[in-house]
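So the chains spell out like this:
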Amino acid sequence: MSHNSDLLTLRSVSKSYGVVPVLHGIDLAVRDGEFLTVLGPSGSGKTTVLRLIGGLEPLSAGQIHLDGKDISHMPINRRPFNTVFQDYALFPHMTVAKNVGYGLSVRHEPRKEIARRVAEALALVRLGPFAERYPAQLSGGQRQRVALARALICRPRLILLDEPLAALDLELRRQMQEFLKSIQREIKTTFLFVTHDQEEAIGMADRICVMQAGHIRQLGTPHDLYYRPNCEFVARFFGENNLVPGMLGPVTGGLRSIDTAIGRLICSVENQPSLLNAAEGAAAFAAFRPEALHRVETDGTENHLTGHVANLAFAGASTVVTIATGDNALPLRMRLPSRAGGSVLAAGQRILLSFAPHEGHLVLG
Ligand code: ADP
Ligand code: MG
C-alpha cells in the first residue's frame, strides 16, 4: 500500500447550518490508498464531513484539495468520489446489474463496456449469480454489496461510506467488516469510512480520526488511540480506560506525577508532551487501561494502590474485576485472564495493585 502521498486534504474547514456551527476548522489529510475511519458519537459532525467532501453541501469556510488542487467549489458530479449510505439507496425497480451499471449508463458508455464492468464489479463483491434479481429479493448484506459494487464501478479515487453497516445485525456486520476490508486491500482504493462503533473502527481502519462536537480530537492508528489517548474524551470514548482525576505534580525523569484521591501516580506524557511543561497544580487525569493493572504482593512499588474487590464480571476469556480504591471507594477496572483472575479472587477481598508508569498517560479534560 502506498501511504506516502496525501490524496485529499481539508484545510480549516468549517460548516454552519444557518447560524449554528457544526464543524470548527477541521484539518485532515487523507492518504492515497488508506482505509481512514471517522469515529465519533452521534451528532459529532461525521456525516457533515462526508457531505462536504462529496459536494452535497457547500463549505462555510476553508478549502478541500484533491491532489493539491482546490476542489472546494467543484460540482458534485465532477468529483471522483462515490458514496455508500446506510440505507443502500438502490433503485427498487431495477435489477442488480442495472443498479450497478447505472453510473456508467448515464455517462452513455458503450453497452458492451458496461456489461463487462458490471460483471467485474459483481464478481468483486461475490454477487455474480444475483445479477438479474431485484433489490427486494436480496438480504441486507447483499444489498449493501450491490451498493458497494455500484460505487466501485466508476473507479472513484475515494469511496465515502456513511455508517454502511449500521442496519445489519452483529454477525452479518462482522462478516461485512472483513469483506469490506479485504476488498479495500485488493483494489487499493482510498476508503473514508464513518462509524460511531469503536470496535468496528479498531478492526478495520489503517488510521482513525476521532471527532467530538465538530472538532477532530485525535488522528492516529488504532494502536495510537488505544494506548496513547491525547485527551480525556478519547480516553473515555475509546475502550474502558480508568480515569482518575487529580492535580499535576513534579516532573520525574521524563515522566510526570499527578496527585489524586488514591495517591500520587507516575505516568507517561509521550501522548501529550506539552504536559511536561504544564504548571503544577493544573487539573488533569491519569488514564490507564484495565489490562495495565496487575496484582502485586507487597507495598512500596511505584503507582501502588490498595482496594477491595467490589465485583467480578466474567466475560469469556477475560474477567473484569472492579476494585474500590481509596477513601471514596473510587472504582477501578482490572481485566485478568479468566483462568488466572476469576478463579482466585473473591468479592470483598483486599488487593494490592500497580501499573507501570509507561502504561499510564496524563490527559487534560
Ligand atoms: P453525525 O453524522 O456525527 O451524527 P452530523 O454531521 O449528521 O453528525 O450532524 C452534526 C450536527 O449538525 C448535529 O448537531 C446535527 O443536528 C446538525 N445538522 C446536520 N445536518 C443538518 C441540517 N441539514 N440542518 C441543520 N442542522 C444539521
Ligand atoms: Mg451521521
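Above this text is the structure in question.
Quantities reported herein were computed from a predicted structural model and do not represent experimental measurements. (Residues numbered from 1 in each chain as written. Chains lettered and ligands numbered in written order. Predicted model: local features only at pLDDT ≥ 70, side-chain atom pairs only at ≥ 80, totals over all residues. Heavy atoms only, no water.)

Scanning all chains against the criterion turns up 20 salt bridges. Notably, a salt bridge pairs Arg-174 with Glu-199, separated by 3.9 Å at the nearest N-O pair. With Arg-174 in helix α5 (residues 170-187) and Glu-199 in helix α6 (residues 198-204), the pair connects residues that are 25 residues apart, well separated along the chain. We classify Arg-174 as partly exposed; its relative accessible area is 41%. (Salt bridge = Lys/Arg side-chain N within 4 Å of Asp/Glu carboxyl O. Helix = DSSP H or I, 4+ residues; strand = E, 2+ residues; numbered from the N terminus. Buried < 20%, exposed > 50% of the residue type's maximum accessible area, 1.4 Å probe, protein only.)

This part covers helix α2 (residues 96-105). Of all ten residues making up α2, seven are buried, and the element is well covered by its neighbours. Among the residues making up α2, those that are buried are Val-96, Ala-97, Asn-99, Val-100, Gly-101, Gly-103 and Leu-104. Structurally, α2 contributes buried residues whose contacts are with α3 (111-124) and α4 (140-152). (Contact = heavy atoms within 4.5 Å.)

Here we take up the sheet that holds strand β8 (residues 190-195). If you trace the six strands from one edge of the open sheet to the other, you get β6-β7-β8-β3-β9-β10, paired in mixed fashion. Each edge of the open sheet carries a strand with a single partner, namely β6 (81-85) and β10 (215-220). Strand after strand, the sheet turns through a mean of 20 degrees between neighbouring axes, direction not considered. Inspection of the sheet shows β6 paired to strand β7 (residues 158-162) by five bridges, in the parallel sense. Its bridge partner being in β7, Val-84 is matched across the sheet by Leu-161. The strands touched by helix α1 (residues 46-54) within the sheet are β3 (35-39), β6, β7, β8 and β9 (207-212), with β7 carrying the most contacts at an inclination of about 150 degrees. (Pairing = 2+ DSSP bridges. Axes fitted to C-alpha atoms, helices over the stretch in contact; angles between N-to-C directions.)

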